[in-house]
Amino acid sequence: MSERKQVNFTIVPDETSDSPRTYANFCAISHTPFDFTLTFCEVLPPSEQQVRDAETQRVLRAPVRARIVVPIQFVPNLITALQEHMRSFGEGTLKIGPPPEPVH
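Residues numbered from 1 in each chain as written. Predicted model: local features only at pLDDT ≥ 70, side-chain atom pairs only at ≥ 80, totals over all residues. Heavy atoms only, no water.

S.K.: Account for the overall build of the protein chain, with residues named and values stated.
M.R.: In terms of regular secondary structure, the protein chain is built from two helices and three strands. Secondary structure elements of the protein chain occur, N-terminal to C-terminal, as β-β-α-β-α. In the protein chain, which comprises 104 residues, the proportion classed as buried is 9%. A sequence separation of at least 24 residues applies to 48% of the contacts in the protein chain between residues at least 6 apart. Just so you have it, the protein chain exposes about 9700 Å², and 58% of that area is on carbon and sulfur atoms. (Helix = DSSP H or I, 4+ residues; strand = E, 2+ residues; numbered from the N terminus. Buried < 20%, exposed > 50% of the residue type's maximum accessible area, 1.4 Å probe, protein only. Contact = heavy atoms within 4.5 Å. Areas by Shrake-Rupley, 256 points an atom, 1.4 Å probe, with all protein chains shown as cover.)

S.K.: Any chance you could break down the state of the cysteines for me, citing the residues and the numbers?
M.R.: Here a disulfide denotes one covalent bond, and it connects the sulfur atoms of two cysteines. With the rule as written, the count across this model stands at zero disulfides. Unpaired in terms of disulfides, Cys27 finds its nearest cysteine sulfur in Cys41, a separation of 8.0 Å. (Disulfide = S-S within 2.5 Å.)

S.K.: Report on the pattern of salt bridges, specifying residues and quantitative values.
M.R.: In this structure the tally under the stated criterion is three salt bridges. With a shortest N-O distance of 2.7 Å, Arg87 and Glu91 are connected by a salt bridge. Of this pair, Arg87 and Glu91 both sit in helix H2 (residues 75-91), separated by four residues, roughly a single helical turn. Classification of Arg87 by relative accessible area gives partly exposed; the value is 41%. Each of Glu84, Arg87 and Glu91 takes part in one network of salt bridges that share partners. (Salt bridge = Lys/Arg side-chain N within 4 Å of Asp/Glu carboxyl O.)

Spelled out as structure tokens, the structure:
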């Protein structure tokens, strides 16, 4: 019977892929007992028709650019990583690339 070997590693984005960046300036968040869904939208200045519709419907629809589902187990790590990047951003020392150590 083979023994399982533990290997420690850090996962980093593969920047060689041709995945485009997607701009979003609004994020709606919903959840189930199992995951969080982040729905990223692009909100543009509304047309006159959209303003009239919003006056009666009280809703302005924004095009969805991406919908990301995050398992509940990962949400605390995501929050910690975002807080760390906001702290670095606030200090003016935001570094591009993966963190020097994995965030747990």
